[in-house]
Amino acid sequence: MAFQAVRGTRDIFAPLSNSFTQLENVARKKAELWDFDEVRLPTFEEAGLFTRSVGETTDIVEKEMYVFNDRKGRSLALRPEGTASMVRAYVEHSFSQKEKKSKFFYIANMFRAERPQAGRYREFEQIGFEIFGDPTPYAEIDLLSLAFTIFKDFGVEKTELHVNSLGCAVCRPAYRQELMVALQKIKDTLCADCQKRLERNPFRVLDCKNCSPKIKDTVPVFKKCADCAAHEKSLLNALTASNIPHTVNRNIVRGFDYYTKTVFEFLHSGLGAQSAICSGGRYDNLVESLGGTATPAVGLAFGVDRTIEARLAEGVAQVKSASDARKPGVFLALQSQEDSIGAFAMQTATRLRQQNIAVTYSVLQDSMKSQMRQANKSNTKYCLIIGAEECQKQKFKLKDLTGDWEGELGWEELVQKVKI
Ligand code: AMP
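Computed from a predicted structure; not experimentally measured.

Cut-off values and rules
- Residues numbered from 1 in each chain as written.
- Predicted model: local features only at pLDDT ≥ 70, side-chain atom pairs only at ≥ 80, totals over all residues.
- Heavy atoms only, no water.
- Phe/Tyr/Trp six-rings, centres within 6.5 Å; stacked < 30°, edge-to-face > 60°.
- Helix = DSSP H or I, 4+ residues; strand = E, 2+ residues; numbered from the N terminus.
- Buried < 20%, exposed > 50% of the residue type's maximum accessible area, 1.4 Å probe, protein only.
- Contact = heavy atoms within 4.5 Å.
- Salt bridge = Lys/Arg side-chain N within 4 Å of Asp/Glu carboxyl O.

K.L.:
I'm lost on the packing of aromatic side chains in this one. Help?
P.N.:
Per the counting criterion, the structure on display carries 20 aromatic pairs. Among the aromatic side chains, those forming a connected cluster through ring pairs are Tyr90, Phe95, Phe104, Phe132, Phe256, Tyr258, Tyr259 and Tyr283.

Right, dumping it as structure tokens:
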């Protein structure tokens, strides 16, 4: 074989691709109900955008970005995530001057040079929702209730929402220092990665799968400032009042520097190590740090690949068609290869499709026997057989592939029959 898909990327065929479309459709429908506008953002940006927003010492920036120089020597990066681009666009198009509150969503592929494993790809899809201009915990509630509804409509049931607060520029630095000093004392017991990142990013030790169980008794309690404590308290109260089940998990830290206050992850027990299927949080300082007017913001992103894998893990079968509107459909078979019959068949296919009826056919020049074999394999309910006589009389010979029925129908009768 001359070429293969690059490691960590994949070709997604039906029925798996139908699940992608189905989840995108559910998200689009809910986005309308929740009043989010779709935005399409560029696939690559100046690399500095991610270094500045995601953070220099994060895994994404240190080792996972696809960075390249263009012909003019500018350093560009394939987007590893959507929030930084979203904020860049929000600032560039002066949305804070246009409206008090903005709500956007995007469906986009992301690129990270992570070590590929089950549920972890180098190119993967996210559906992201971002709210700008709302400092209250109700913005979080808006997002989390939306996420729950999307999971429910798509058919993923066993999700667990874990929430935490990372504080803000007022209270986090002191806690960071306190945490670092405490972890220094047990440095030798930490894994090699955590020993390295202890000074640069001690929070990451909290969500390290190897180290977090060992450090439970060492980690000091985070005494947040009054503002962050009040925000967390009202968020937790509002979650309970809105019947949104949740667990407070102090080990959720997320791999991004821009988060302030709330962070959360939806975890799924059927996925093994890569169990986060949707994640996000508040980033009240990012708009300002990218040159905009200070604007609070909060967002989340579904990992589409993993959400689909979660549904499969729950035993839900793949869908044959992503569209709810798809009708049982018709398989066209031609009895003869004359041009006039081929043209009539094509015209019939167009007319049926205009009636919202799915039409499929194999190679129309094949023998009738071979076409019927394909029809039986296709899972279509009906086969429409077209020959010289049908063409002349404008009649349609229909065969029910799932039963014994067979008959000749006029156009109106045909449409009625196959639409059911
Ligand atoms: P993040 O942008 O890291 O907050 O991730 C948001 C969601 O995207 C996660 O909850 C995952 O479901 C998904 N995700 C992140 N990285 C990957 C990856 N390498 N492969 C597949 N899905 C991913």
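Having seen the model, we can carry on.
K.L.:
What am I meant to see in the side chain of Ser19 here?
P.N.:
Considering the arrangement of structural elements, one finds Ser19 in helix α1 (residues 16–33). By relative accessible area, Ser19 is classed as buried at 0%. If we ignore the near neighbours within four places in the chain, the residues touching Ser19 are Phe154, Ile308, Arg311, Gln318 and Val319.

K.L.:
Explain the pattern of salt bridges here, please?
P.N.:
As enumerated under the stated definition, the model contains 26 salt bridges in all. Measuring nitrogen to oxygen at the nearest pair gives 3.4 Å for the salt bridge that ties Arg120 to Glu114. Each of the two residues, Arg120 as well as Glu114, counts as buried. In this structure, the salt-bridge partner of Asp284 is Lys261, at a minimum N-O distance of 3.8 Å. Within this pair, whereas Asp284 is found in the loop between β10 (276–282) and α11 (286–289), its partner Lys261 is found in the loop between β8 (247–248) and β9 (262–268), the two being separated by 23 residues in sequence. With a relative accessible area of 15%, Asp284 lands in the buried category. A residue is classified by how much of its surface remains accessible, and Lys261, at 10% relative accessible area, is buried. Each member of the salt-bridge network shares a partner with another, and the members are Asp59, Lys63, Arg197, Arg204 and Asp207.

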